[in-house]
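Now for the letters of each chain:
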Amino acid sequence: MEEKWWQRSVVYQIYPRSFQDSNGDGIGDLVGITKRLPYIAGLGADVIWLSPVYASPNDDNGYDISDYRAIMKEFGTMEDFDRMLETAHSLGLRIVMDLVVNHTSDEHRWFRESKKSKDSPYRDYYIWRDGKDGAEPSNQGSCFGGSAWEYDETTGQYYLHLFSKKQPDLNWDNPKVRDEVFDMMDWWLKKGIDGFRMDVISLISKNQKFPDGKVQVGGYSSFADVATGPHEHEYLQEMNRRVLSKYDLMTVGECPGVSPEKARQYANLEGTELSMIFQFDHTSVDVDPKLGRYGAVVPLNLVRLKEAMARWENILEGYAWNSLYWDNHDQPRIVSRWGNDSEEYRALSAKMLAACLHMMKGTPYVFQGEELGMTNYPWTSIDQINDIESRGNSQVLVDRGIITEEERMKVMRANSRDNARTPMQWDASPNAGFTTGHPWLPVNPNYRTINAEAEVMDPDSVFSFYKKLISYRKQSDLVVHGSFTMLEEDNPSLFVYKRELGDQKMLVICNFTDQSVEYSIPEEFSGAREEIDNYPENGAEIPEIRPYEAKILVK
Ligand code: ISL
Ligand code: CA
């Protein structure tokens, strides 16, 4: 099969609110992004995934859209957008927009019309139901805590919202909704954008009978019980036929609840649906199965992580293209999560994690600040947290007496989505050079030592190591197309894998612990040359793998 440009690309995700403020209001904006594009090009990434910049009342920071064809006021104007896109293209950077069409904002015109009466032409754009015995139509819970149904007095019915009550779910079974969405996508594509990252796209088709599901710790059943089918492939193929196939795009679907077997269809190599998808198996390995992400902090079990990563590589091979990520705006910072953010090991472990991910098969994603080894924030009070998901879900658990306030803050420090959302650390000046005003979310106090200005200059920095990995990957057919084999599956400390293409071979060895680990390399790699190592000098030699060491050998 012919290579697609996005198979050799590395994607850099921007969370616009926290990237770069240009006018001192404490909120990142498009003019700020435009100014920083050369930094991204300098890293070597060639695609930008831009989290939502559309008009929004910001109940969920832009994932609640009130007008798909307008720019959020705080972020700037459509002229700013056009200039940003043009500048990006002139630097060789492509821009992929976030497409949030499982739901809109309740302030979107369609929903305001839909609410007015049962015979509104927009009524069936959303999902309305009568109550059952004076209560919600079913026991489905919202992802942000509480019921997924909200009662509306105007017509005495409930509407479905899998996320906040300000994010009513669109009814994709209505062909008019699909027409509207496809028109809007086409409108953006005509402007010259290079693709879409599709928010929770695996949830667009629901079992509209809404049977009650098994009650979870928050008191409601999971959205997954009703929101995975039966028409999602039909709708994506229609989208592909009517819109995507007319352009040369990269598309990536965010797909909670989707198995690698199903991903073979979503991201099939024939290209009838999406280029690739984001999976959640590996990010779930440290989530407590009963208490969930906001009920407990669970240490990493490396064997489980390897199992999840290998399963996706193996099952997709020959059928679909994989995506590779540790971080995004919904996840805590990877160096604090599965590395070690102490002064001694922060940089080393951040580099080890990078090497581990970037030499695997698939398109790697870097979330802003990950390339600097930015860390979680030391939250001390719930009042500092803005994120609707971690606030809402942890509040339910506190109210139900499942966790204490103290445990709640421990969970926030480990797992809150706001860990990823603190402002980008550009330099050692006040507020890390993010804003001259008051930042909307606090800047991590470690910005004086961890910042882009310092790291870009330093050949041994986390930034320089990412740059090295990215440029290595770009020129290596072995890394882009080689087969993947996990080795040492049961080793609790080392993540080891092999890549092969023709007579070329690569061995990647990563130590996830702060102890030295003995390891003898397989015979087929004897005499292999060391391509990349995250330790500055070559002290110890195999069979000793030093704390958080990453070694890449090629033969
Ligand atoms: O899996 C998660 C971590 O607990 C969730 O944050 C999950 O990623 C999310 O619920 C789905 O994500 C997307 O849709 C949401 C939005 O809040 C997220 O920021 C977005 O990435 C609703 O649009
Ligand atoms: Ca601003």
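For clarity, every value in this text was computed on a predicted model and none was experimentally measured. (Residues numbered from 1 in each chain as written. Chains lettered and ligands numbered in written order. Predicted model: local features only at pLDDT ≥ 70, side-chain atom pairs only at ≥ 80, totals over all residues. Heavy atoms only, no water.)

In terms of regular secondary structure, the chain is built from 15 helices and 20 strands. On the principal axes, the C-alpha backbone points of the chain span a range of 75 × 55 × 50 Å. Sorting the 555 residues of the chain into buried and exposed places 61% on the buried side. Put simply, the chain shows about 20,800 Å² of open surface, and 48% of that area lies on carbon and sulfur atoms. (Helix = DSSP H or I, 4+ residues; strand = E, 2+ residues; numbered from the N terminus. Buried < 20%, exposed > 50% of the residue type's maximum accessible area, 1.4 Å probe, protein only. Areas by Shrake-Rupley, 256 points an atom, 1.4 Å probe, with all protein chains shown as cover.)

Our next topic: the site of ligand 1. Looking at ligand 1, there are 17 residues lining it, with Asp60, Asp199, Arg293, His329 and Asp330 nearest. The side chain of Glu254 places a nitrogen or oxygen atom 2.9 Å from an oxygen atom of ligand 1. In this structure, an oxygen atom belonging to ligand 1 sits 2.7 Å away from a side-chain N or O atom of Arg293. Calculation on ligand 1 without its partners gives an accessible area of 490 Å², and the protein chains cover 90% of this total. Across the shell around ligand 1, the residue classes break down as five nonpolar, three polar and nine charged. (Near = heavy atom within 4 Å. Polar contact = N/O pair within 3.5 Å; in protein donor to acceptor, adjacent residues only side chain to side chain. Nonpolar A, V, L, I, M, F, W, Y, C, P; charged D, E, K, R; others polar.)

Here we have eight strands laid out as an open sheet, ordered β11-β10-β9-β5-β2-β1-β13-β12, and parallel in their pairing. Pairing within the sheet leaves two strands with one partner each, and these edge strands are β11 (276-278) and β12 (323-324). Sheet topology places strand β1 (residues 11-14) next to strand β2 (residues 47-50); four bridges connect them, and they run parallel. The partner of Ile14 across the bridge, within β2, is Leu50. Relative to the sheet, helix α2 (residues 78-90) contacts β2 and β5 (94-99), its axis offset from that of β5 by approximately 135 degrees. (Pairing = 2+ DSSP bridges. Contact = heavy atoms within 4.5 Å. Axes fitted to C-alpha atoms, helices over the stretch in contact; angles between N-to-C directions.)

Within the protein, the atoms that donate to the calcium ion (ligand 2) are Asp21 (OD), Asn23 (OD1), Asp25 (OD), Ile27 (O) and Asp29 (OD), at distances of 2.3 to 2.4 Å. Sequence spacing of the donors to the calcium ion (ligand 2): D-x1-N-x1-D-x1-I-x1-D. When sorted by exposure, Ile27 lands in the same class as Asp29, which is buried. (Donors = N, O, S within 2.8 Å, 3.2 Å for Na, K, Ca; no water.)

This part takes up the sheet that holds strand β18 (residues 529-533). If you trace the five strands from one edge of the open sheet to the other, you get β14-β15-β16-β20-β18, paired in antiparallel fashion. Single-partner strands in this sheet number two, and they are β14 (483-487) and β18. Within this sheet the neighbouring strands show an average axis-to-axis angle of 20 degrees, counted without direction. Inspection of the sheet shows strand β16 (residues 504-511) paired to strand β20 (residues 550-554) by five bridges, in the antiparallel sense.

Contact geometry for helix α1 (residues 30-43) and α2: axes closest at 9 Å, N-to-C directions at 10 degrees. As far as their axial angle goes, α2 and α1 are roughly parallel. Facing α1, whose interface residues are Leu30, Val31, Ile33, Thr34 and Leu37, α2 presents Asp80, Phe81, Met84, Thr87 and Ala88. (Parallel < 35°, antiparallel > 145°, perpendicular 65-115°, else oblique.)

Turning to the domain arrangement of the chain, a few remarks are in order. On domain assignment, one finds that the chain holds domain 1 (7-103 + 175-377 + 424-469), domain 2 (109-160) and domain 3 (480-554). One C-alpha centre belongs to domain 1, the other to domain 3; they are set 28 Å apart. Where domain 1 abuts domain 3, roughly 2,500 Å² becomes buried across the two surfaces, and 72% of that area is made up of carbon and sulfur atoms. Contact with domain 3 buries area across many residues of domain 1, yet Lys306, Met352 and Met359 alone supply 25% of it, more than any other trio. (Domains from an automatic or database assignment. Buried area = accessible area lost by both parts, 1.4 Å probe.)

Across soluble globular proteins, nonpolar side chains have a tendency to be buried as a group. Core analysis: the biggest nonpolar cluster contains 153 residues, and Phe81 and Phe495 have the highest contact counts within it. Per element, the largest residue contribution to this core is eight residues, and it comes from helix α9 (residues 346-358). By size, the runner-up hydrophobic cluster in this structure holds 15 residues, among which are Phe144, Leu160, Leu162 and Val226. (Core = buried A, V, L, I, M, F, W, Y, C linked by side-chain atoms within 4.5 Å.)

Here Lys209 is to be found in the loop between β9 (195-198) and α5 (232-242). Through-space distance from the C-alpha of Lys209 to that of Ala296 is 33 Å; in sequence the pair is 87 residues apart.

The next point concerns helix α4 (residues 175-190). Between the first and last C-alpha of α4 there are 22 Å, a value that for 16 residues agrees with the 22 Å anticipated at 1.5 Å per step. If you check which residues of α4 are buried, you get Val177, Arg178, Val181, Phe182, Met184, Met185, Asp186, Trp188 and Leu189. The backbone nitrogen of Lys176 lies 2.9 Å from a side-chain oxygen of the residue at the head of α4, namely Asn174. Among the residues trailing α4, Gly192 stands out with phi positive, at a value near 105 degrees. (Expected span 1.5 Å × (residues − 1).)

Further remarks concern the side chain of Asn444. Mapped onto the elements, Asn444 comes out in the loop between α12 (418-421) and α13 (452-457). Relative accessible area serves as the criterion here: at 2%, Asn444 is assigned to the buried category. At 3.0 Å, the side chain of Asn444 forms a polar contact with the backbone oxygen of Asn376. Beyond its immediate chain neighbours, meaning those up to four positions away, Asn444 contacts Thr375, Asn376, Tyr377, Pro378 and Gln425.

Moving on, we get to the pattern of salt bridges. All chains considered together, the criterion is met by 38 salt bridges. With a shortest N-O distance of 3.5 Å, Arg408 and Glu405 are connected by a salt bridge. Taken together, the residues Arg408 and Glu405, both in helix α11 (residues 405-415) and three residues apart, mark about one turn of the helix. Here Glu405 falls in the partly exposed class, since its relative accessible area comes to 41%. Linking Asp533 and Lys551 is a salt bridge whose minimum nitrogen-to-oxygen distance equals 3.0 Å. Of the two residues, Asp533 is situated in strand β18 and Lys551 in strand β20; the sequence distance between them amounts to 18 residues. Comparing Asp533 with Lys551 shows no difference in burial state: the two are buried. In the salt-bridge network here, residues are joined through shared partners; they are Asp60, Asp330, Asp387, Glu389, Arg417 and Arg421. (Salt bridge = Lys/Arg side-chain N within 4 Å of Asp/Glu carboxyl O.)

The next point concerns the pairing of β20. For β20, a buried count of five out of five residues is recorded, marking the element as mostly surrounded by other parts of the structure. The side-chain alternation of β20 yields two buried faces, one formed by Ala550, Ile552 and Val554 and the other by Lys551 and Leu553. In the sheet, β18 pairs with β20 via four bridges, with the strands oriented antiparallel. What sits directly across from Glu530, in β20, is Leu553.

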